[in-house]
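Report on the structure
Below are the chains, spelled out letter by letter.
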Amino acid sequence: MPRRPRSHRSRPGQATLGIHGGAPPAVAGDPVVPPIVQSATFYGDGRGKGELLYTRYGNNPLQVQVGQKMALLEGAEAGLVLGSGMGAIAMSLLTLTQSGDHIVASKHLYGATRTLLEMELPRRGVTTTFVDPAEGREWRQALRKRTRLLYLEAPTNPTLRVFDPEPLAQLAKELGILLVMDSTFATPINFRPMDLGVDLVIHSATKYLGGHSDLVAGTVCGPAEVVEEIAHTMRLYGPSVDPNTVWLLDRGLRTLEVRVARHNENAMAVAAFLADHDAVSEVFYPGLPSHPDHRRAKRIMSGFGGMVSFVVDGGGRAANRFMKRLELVSVAPSLGGVETLVSQPRYTSHAALPTQEREALGIPDGFLRLSVGIEAVDDILRDLEQALEGV
Ligand SMILES: *Cc1c(COP(=O)(O)O)cnc(C)c1O
């Protein structure tokens, strides 16, 4: 697949930045791996001079370093690590709006983000209009005088729709407002939203960035001034990342590029296998020409990602039987770890919706979502094959 041209030719590659990005110059005797700075507070000079260091403030040395690494990976001026993806989203939205303001958001959103916009922010006087992200006109029509930001997520859960942020970035620029994008499913290896004009990029680092299903964290990258304001909000509300977790995240980022390359490869093989299987009626993967956004994904992304969704013949009961028969693939929500996981959105992300509404979203009973891991692909395929025999 053709890679997007780099905006700065001399920029180090993503694999290099994942390992070395943000690290201060080393001198002889320094540890090769940065230490976990397990301290809530730091010595001051006793006269109130200089920056006050405190781990809740997000200025513990490794919090700062990993924030810089993320900024480099995203091509942003600044980056901030927080205690969860939702922490990153909530602090960003609280920072960018005040009572009376309005948001226009894609209707394809992570469940908790949708609830935050629909149920929580209105209690603070901030309302949201949800639009079909593929319809440029809908974004424009939804605008109000007090619209402060546009909010997009892609690829989406669980149908893996891919939307081009570039026209929205132009609209936001024209209006002098910000375009915020949750790019969790893509990772900075497969997609760099800021190259297409996105102002603020958010990740649930719990997923691919950490990559081992063993931490909860979030990141936000963007202009230094905005990120500093979000850090200020974080200091007040308190969802900072703890020292152990940020160290684990740093460790995860060191292998991000090789992991994502393998996720991409394995998922492509899994998608092709499923598309060919008699017991499978539909496969959702942006790398398949049958996916509605295949051409767009090919144009703007440099990899199609590790998530594959599909529908088994026989509905919910067949899906349950399939899950029961799996031996290698584990049944669990969440995604982005080294191990292959499977879940049914009707029991997890979309449990709150009645069957008919789920169907209207293209998620009938029998719909399964795979987070394809980095095991030997033949082992994954063999397990899927034997489990499908039973449905
Ligand atoms: C998981 C997820 C979140 C929330 O992240 P947490 O780290 O669980 O708070 C937000 N957006 C997307 C797309 C996610 O997959």
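Residues numbered from 1 in each chain as written. Predicted model: local features only at pLDDT ≥ 70, side-chain atom pairs only at ≥ 80, totals over all residues. Heavy atoms only, no water.

1. As for the pattern of salt bridges
Operational definition: Whenever Lys or Arg places a side-chain nitrogen within 4 Å of a carboxyl oxygen from Asp or Glu, that contact is recorded as a salt bridge. Under the scheme used here, helices are H or I runs from DSSP no shorter than 4 residues and strands are E runs no shorter than 2 residues, and both carry numbers assigned from the N terminus. Relative accessibility decides the category of a residue: with a 1.4 Å probe and only protein chains considered, values under 20% of the type maximum give buried, values over 50% give exposed, and everything between is partly exposed.
Here the structure, examined in full by the defined rule, presents 15 salt bridges. In this structure, the salt-bridge partner of D101 is R148, at a minimum N-O distance of 3.4 Å. One end of the pair, D101, is in the loop between α3 (85–96) and β2 (102–106); the other, R148, is in strand β4 (residues 147–153), with 47 residues separating them in the sequence. Where E118 meets R114, a salt bridge forms, and the shortest distance between an N and an O atom there is 3.1 Å. Of the two residues, E118 and R114 are both situated in helix α4 (residues 111–120); the distance of four residues between them amounts to about one turn of the helix. Classification of R114 by relative accessible area gives partly exposed; the value is 26%.

2. A few points about the packing of helix α10 (residues 256–275) against helix α14 (residues 377–389)
In plain terms, the rule: Between N-to-C directions, angles cover 0 to 180 degrees, with each direction set by a line fitted to C-alpha atoms, over the stretch in contact for helices. Roughly parallel means an angle under 35 degrees; roughly antiparallel means over 145; roughly perpendicular covers 65 to 115; every other angle is labelled oblique. Two helices crossing with the near one rotated counterclockwise from the far one by less than a right angle form a left-handed crossing, whereas a clockwise rotation gives a right-handed crossing. Throughout, a residue-residue contact means that at least one pair of heavy atoms, one from each residue, lies within 4.5 Å. The residue classification treats Ala, Val, Leu, Ile, Met, Phe, Trp, Tyr, Cys and Pro as nonpolar and Asp, Glu, Lys and Arg as charged. All others, Gly included, are polar.
Running from N to C, α10 and α14 point in directions that differ by 30 degrees, and their axes come no closer than 10 Å. In terms of their interaxial angle, α10 and α14 are classed as roughly parallel. Crossing of α10 over α14 shows right-handed handedness. Residues N266, A269, V270, F273 and L274 of α10 lie in contact with α14, whose contacting residues are V377, I380, L381, L384, E385 and L388. Partitioned by chemical class, the residues of the contact of α10 with α14 number nine nonpolar, one polar and one charged.

3. A word on helix α2 (residues 61–74)
Definition in use: One fewer than the residue count of a helix, multiplied by 1.5 Å, yields its expected span.
In this model α2 runs 20 Å from its N-terminal to its C-terminal C-alpha over 14 residues, within 8% of the 20 Å that 1.5 Å per residue would give. For α2, the tally of buried residues reaches 10 of 14 residues, placing the bulk of the element in the interior. Looking at α2, one finds that the buried residues are L62, Q63, Q65, V66, G67, K69, M70, A71, L73 and E74. Those residues of α2 hidden inside the fold are in contact with α1 (14–20), β1 (78–82), α7 (187–190), β6 (200–204), β7 (218–222) and α9 (243–254). Where α2 ends, the next residue or the one after it, G75, has phi of about 70 degrees, a positive value.

4. Some remarks on the sheet that holds β7
By definition, the strands of a sheet pair up through backbone hydrogen bonds, in either a parallel or an antiparallel sense. Rules: Strand pairing is assigned whenever DSSP detects at least two bridges linking the two strands.
In space, the seven strands of this open sheet follow the order β1-β7-β6-β5-β4-β2-β3, with mixed pairing throughout. The open sheet has two edge strands with one neighbour each: β1 and β3 (127–131). Strand-to-strand, the axes of this sheet are offset by a mean angle of 20 degrees, without reference to chain direction. Across five bridges, β4 lies against strand β5 (residues 178–182) in parallel orientation. The residue bridging L149 from the neighbouring strand is L178, located in β5. Along the sheet, α3 makes contact with β1, β2, β4, β5, β6 and β7, crossing β6 at roughly 150 degrees.

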